[in-house]
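Given next are the chains, with one letter for each unit.
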Amino acid sequence: MVDYHAANQSYQYGPSSAGNGAGGGGSMGDYMAQEDDWDRDLLLDPAWEKQQRKTFTAWCNSHLRKAGTQIENIDEDFRDGLKLMLLLEVISGERLPKPERGKMRVHKINNVNKALDFIASKGVKLVSIGAEEIVDGNAKMTLGMIWTIILRFAIQDISVEETSAKEGLLLWCQRKTAPYKNVNVQNFHISWKDGLAFNALIHRHRPELIEYDKLRKDDPVTNLNNAFEVAEKYLDIPKMLDAEDIVGTLRPDEKAIMTYVSCFYHAFSGAQKAETAANRICKVLAVNQENEHLMEDYEKLASDLLEWIRRTIPWLEDRVPQKTIQEMQQKLEDFRDYRRVHKPPKVQEKCQLEINFNTLQTKLRLSNRPAFMPSEGKMVSDINNGWQHLEQAEKGYEEWLLNEIRRLERLDHLAEKFRQKASIHEAWTDGKEAMLKHRDYETATLSDIKALIRKHEAFESDLAAHQDRVEQIAAIAQELNELDYYDSHNVNTRCQKICDQWDALGSLTHSRREALEKTEKQLEAIDQLHLEYAKRAAPFNNWMESAMEDLQDMFIVHTIEEIEGLISAHDQFKSTLPDADREREAILAIHKEAQRIAESNHIKLSGSNPYTTVTPQIINSKWEKVQQLVPKRDHALLEEQSKQQSNEHLRRQFASQANVVGPWIQTKMEEIGRISIEMNGTLEDQLSHLKQYERSIVDYKPNLDLLEQQHQLIQEALIFDNKHTNYTMEHIRVGWEQLLTTIARTINEVENQILTRDAKGISQEQMQEFRASFNHFDKDHGGALGPEEFKACLISLGYDVENDRQKQTGSMDSDDFRALLISTGYSLGEAEFNRIMSLVDPNHSGLVTFQAFIDFMSRETTDTDTADQVIASFKVLAGDKNFITAEELRRELPPDQAEYCIARMAPYQGPDAVPGALDYKSFSTALYGESDL
């Protein structure tokens, strides 16, 4: 199904799609539900499918014929994606990616996917439609895809009175056929069966084509055929349905009818001038009416808000204190209720008032109306002044309430604060004395001792941090004494106990630190040896692991120098082995010394070395492995050295031959370039000489064959580079192909010059003069001119580029050619030069070839409403008269808009006035504040 959202211009095709339409009309969700039923019925109703096939095929062909092609079978001719991509390019005016020309299924799927991706890029969401279904010729999916394309490119942009797409098209049909008897367009199926609606649309716009009064409602076939034939013959609308198909079905297919009717809409879109003029006037009048409503709303809202501010300020300025804290708290609660309940709606009203005022002024400015001036005392600034007075009274009232409550609460607060802080401190000191007296350090290891010291340091920091709380407790007790608090005795007793306990904790902390530091020194000696062992064992172990990895590493070399470098590096590694052995013995000696110290002092070591996992056993095992890998590496390097010596011979053999063939090809290329520039003698002589030169190049082919044989041997040996030559076989091949191509192109160029000369009647002297002028500006002798060189060449032939006109400068003797150019009407201003470049360089390569040079030688809105535009629109409705009548206004405008104009328009006083004539010019001027309305 198709889900059309006019708001964001996106579409869906699939059974799950649903949404709401934009603009007027019914619910888009209902519309989509109906279409779901229609698609399911389509599987059982061949008549609908037949109508869609005819209509969609004709619609596609009406566009494809612009590209010189058409389709016969809609579900077969789009299967390879080529005509589908062409259709999208024609209807969109944009270029799609280059299609794949293969015949395989994957090529067809890729082409269809490119078309589907382009549809999706236009805001269309495709559901349940995949490239495979289109390639397989699925008729339902193909028809659904074409319907989606029709919606997007033929129906979406239809807009009538702020409705769009289907609703807009339906409204357009209703308005156009409203004056016709027996026509009542309510949908896109039953309303069109008798053919009268089609004929009414044609007669409304082209009355000379249809004799509508002669049509009969009981003869639908004749009516339909008449409309279809007239549309095809005079309106260039192809016949998309047969009358019998429409009459023969109970309910014609809606999609087919919509597609057909959209063609009539686009054919008559140029006849919308009067309707657009009416729409403009309706828009202007609607804006004027809306602005009047906004002005009335502002005046009422401003009066209400100012009255509330006047009543509230005296209440906030009342400062009579209360005797009890409960009474003061009730006043505070009343104030908070004001803040929560009464004030927020007024804040919102004030904000909305400002928004409405700014919105009104913006609308008046955008529609070119005079600015709105509120009544005296109701300006936004007046409201802001009153609000500021309210805020100041409110702030002072709140501060007074809080100060009174604080004054009554202070004594109770200080007592409670003392109890809280004392309780927190007593809870913290609980258990601290026992912890400081514990002798857990006597059985600890060195790491445990260090952990205990760090833990003790953290406790000391915590103890220092609690000093501030003890001081605060003493200060609060002092303040309570000064205020003669009734329970000062108990406060003082508790405070003294806290201070005595604090002094005891300080003494115990100092004693524990001394004991921990003494124990630490006794274990550091052994730990130092373990650390030294770890520092030396770790890098030595890493060295052995790296050595084993390097000795077993696979190597890939391509030159003799690389293998010799590896052998040299290996020899250097072997020379470091004696020093490594001495380092191994020194590391093992450190381990033995640590064991000796522990045994002599009766120290029981807890486990292995805490700093490393590398044991002496691991070191000895890896050392033996290194000793075994060294000779194996020696053997592998010698074998690779022999292989690289053989490869070097093949390189030199290829290089000697390539260094001959390469320069020969380069020389020939330069000679051809020189020949193509000089071109002495007649064109026939030049052609004969070039063909002889071509035969001499072909005779050099055996030298390339020999080089190919030598290159084959290099490839078999997997040799990838050759320092003895800058030429590769690929370079040689490309150069040879370029050489053959260049000589062939040069021969072809001369042949084309002969054809041009003979066809255009250009003399040999003119051709030589053209060649001389072209070669003069071809500074790099590349056989082509850049844009600036080409422009200079044209100037030399008589063009004044700067003044955008032709002028004979006399710089070259080419009067005949300049006369030819001037006679064709060419002008070399910037725009004209760009157009010429598009002719001589259609591929935009930035170069102009000599052949292209020879060929050339021988060849408007934003719609803003203003008083003048409204006057022009009224003039359209009045039939170009200087006045308009009430009858004309009621006929062309909606009733409320028409009566609005009639009530405000002054009688027309001109010499051509008739009874009931109204002056629309003064009315339009007044709408924009240029005079009184």
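Analysis parameters
Residues numbered from 1 in each chain as written. Predicted model: local features only at pLDDT ≥ 70, side-chain atom pairs only at ≥ 80, totals over all residues. Heavy atoms only, no water. Helix = DSSP H or I, 4+ residues; strand = E, 2+ residues; numbered from the N terminus. Buried < 20%, exposed > 50% of the residue type's maximum accessible area, 1.4 Å probe, protein only. Areas by Shrake-Rupley, 256 points an atom, 1.4 Å probe, with all protein chains shown as cover. Axes fitted to C-alpha atoms, helices over the stretch in contact; angles between N-to-C directions. Left-handed = near helix turned anticlockwise from the far one by under 90°. Contact = heavy atoms within 4.5 Å. Nonpolar A, V, L, I, M, F, W, Y, C, P; charged D, E, K, R; others polar. Polar contact = N/O pair within 3.5 Å; in protein donor to acceptor, adjacent residues only side chain to side chain. Phe/Tyr/Trp six-rings, centres within 6.5 Å; stacked < 30°, edge-to-face > 60°. Salt bridge = Lys/Arg side-chain N within 4 Å of Asp/Glu carboxyl O. pLDDT = per-residue confidence, 0-100. Core = buried A, V, L, I, M, F, W, Y, C linked by side-chain atoms within 4.5 Å.

**Section: the overall build of the protein chain**
Part 1 of the reasoning: In terms of regular secondary structure, the protein chain is built from 33 helices and 10 strands.
Part 2 of the reasoning: Burial analysis of the protein chain (933 residues in total) assigns 43% to the buried set.
Part 3 of the reasoning: Counting every atom, the protein chain has about 50,400 Å² of accessible surface; 51% of that belongs to carbon and sulfur.

**Description of the packing of helix H7 (residues 165–177) against helix H11 (residues 254–267)**
If you want to describe how two helices pack, look at the angle between their axes and the distance between the axes.
Part 1 of the reasoning: Packing of H7 against H11 brings their axes to within 11 Å, and their N-to-C directions diverge by 65 degrees. Relative to H11, H7 is oriented so that their crossing is left-handed. Of the residues in H11, those in contact with Lys166, Leu169, Trp172 and Cys173 of H7 are Glu254, Met258, Val261, Ser262, Phe264 and Tyr265.
Part 2 of the reasoning: Looking at side-chain class alone, the contact of H7 with H11 contains 7 nonpolar, 1 polar and 2 charged residues.

**Points about the side chain of Ser262**
Part 1 of the reasoning: Along the chain, Ser262 falls in helix H11.
Part 2 of the reasoning: At a separation of 2.6 Å, a polar atom in the side chain of Ser262 contacts the main-chain carbonyl oxygen of Thr259.

**Some remarks on the environment of Met258**
Part 1 of the reasoning: As for its placement among the helices and strands, Met258 is situated in helix H11.
Part 2 of the reasoning: Among the residues examined, Met258 registers a relative accessible area of 0% and is labelled buried.
Part 3 of the reasoning: Separated by 69 residues in the primary sequence, Met258 and His189 place their C-alpha atoms 8.6 Å from one another.

**A short note on the packing of aromatic side chains**
Aromatic ring pairs are described here by two measures, namely the spacing of the ring centres and the angle between the planes.
Part 1 of the reasoning: Tallied over the full model, the rule gives 29 aromatic pairs.
Part 2 of the reasoning: With a centroid separation of 5.6 Å and an interplanar angle of 45 degrees, the aromatic rings of Trp315 and Tyr397 are classed as tilted. One end of the pair, Trp315, is in helix H12 (residues 273–316); the other, Tyr397, is in helix H14 (residues 380–429), and 82 residues separate them in sequence.
Part 3 of the reasoning: Residue classification places Tyr397 among the buried positions, given a relative accessible area of 2%.
Part 4 of the reasoning: With a centroid separation of 6.4 Å and 40 degrees between ring planes, the pair formed by Trp428 and Trp502 is classed as tilted. Placement of the pair is Trp428 in helix H14 and Trp502 in helix H18 (residues 488–552), with a sequence separation of 74 residues.
Part 5 of the reasoning: Residue classification places Trp502 among the buried residues on the basis of a relative accessible area of 12%.

**Details of the pattern of salt bridges**
Part 1 of the reasoning: Tallying each qualifying case throughout the model produces 47 salt bridges.
Part 2 of the reasoning: In this structure, Asp245 and Lys54 form a salt bridge, with 2.4 Å as the shortest nitrogen-oxygen distance. Of the two residues, Asp245 sits in helix H10 (residues 243–247) while Lys54 sits in helix H2 (residues 46–64), which places them 191 residues apart along the sequence.
Part 3 of the reasoning: The class of Lys54 is partly exposed, set by a relative accessible area of 27%.

**Some thoughts on the confidence of the model for the protein chain**
Part 1 of the reasoning: In the predicted model, the protein chain carries a mean pLDDT of 79, and 86% of its residues have values of at least 70.
Part 2 of the reasoning: In this model, residues 801–827 is a region of pLDDT below 50 whose contacts with residues beyond four sequence positions or in other chains number 59 contacts.
Part 3 of the reasoning: In the model, residues 860–864 has pLDDT below 50 throughout and makes 4 contacts with residues more than four positions away in sequence or in other chains.

**Looking at unusual backbone geometry**
Residues other than glycine predominantly adopt negative phi, and peptide bonds predominantly adopt the trans conformation.
Part 1 of the reasoning: Positive phi values are uncommon outside glycine, yet Asn182 reaches one of about 65 degrees.
Part 2 of the reasoning: As for its placement among the helices and strands, Asn182 is situated in the loop between H7 and helix H8 (196–205).

**What about the nonpolar core?**
Part 1 of the reasoning: Counting residues in each nonpolar core, the largest one holds 78 residues, and the members touching the most others are Ile149, Trp192, Phe198, Ile202 and Phe264.
Part 2 of the reasoning: Top element by residues in this core is helix H6 (residues 139–155). It accounts for 11 residues.
Part 3 of the reasoning: Beyond its immediate stretch of four places on either side in the chain, Ile149 contacts Trp59, Leu84, Leu88, Ile91, Ile119 and Ala154.
Part 4 of the reasoning: Among the nonpolar cores identified, the runner-up in size contains 46 residues, and Val661, Ile697, Ile719 and Phe774 belong to it.

**What to know about the side chain of Glu254**
Part 1 of the reasoning: Along the chain, the position of Glu254 falls in helix H11.
Part 2 of the reasoning: In this structure the side chain of Glu254 is engaged in a polar contact, spanning 3.0 Å, whose partner is the side chain of Lys166.

**Comments concerning the environment of Glu765**
Part 1 of the reasoning: Checked against the element boundaries, Glu765 lands in helix H25 (residues 764–777).
Part 2 of the reasoning: Its relative accessible area of 56% is what places Glu765 among the exposed residues.
Part 3 of the reasoning: Distance from Glu765 to Thr682, taken between C-alpha atoms, is 9.5 Å for residues 83 residues apart in sequence.

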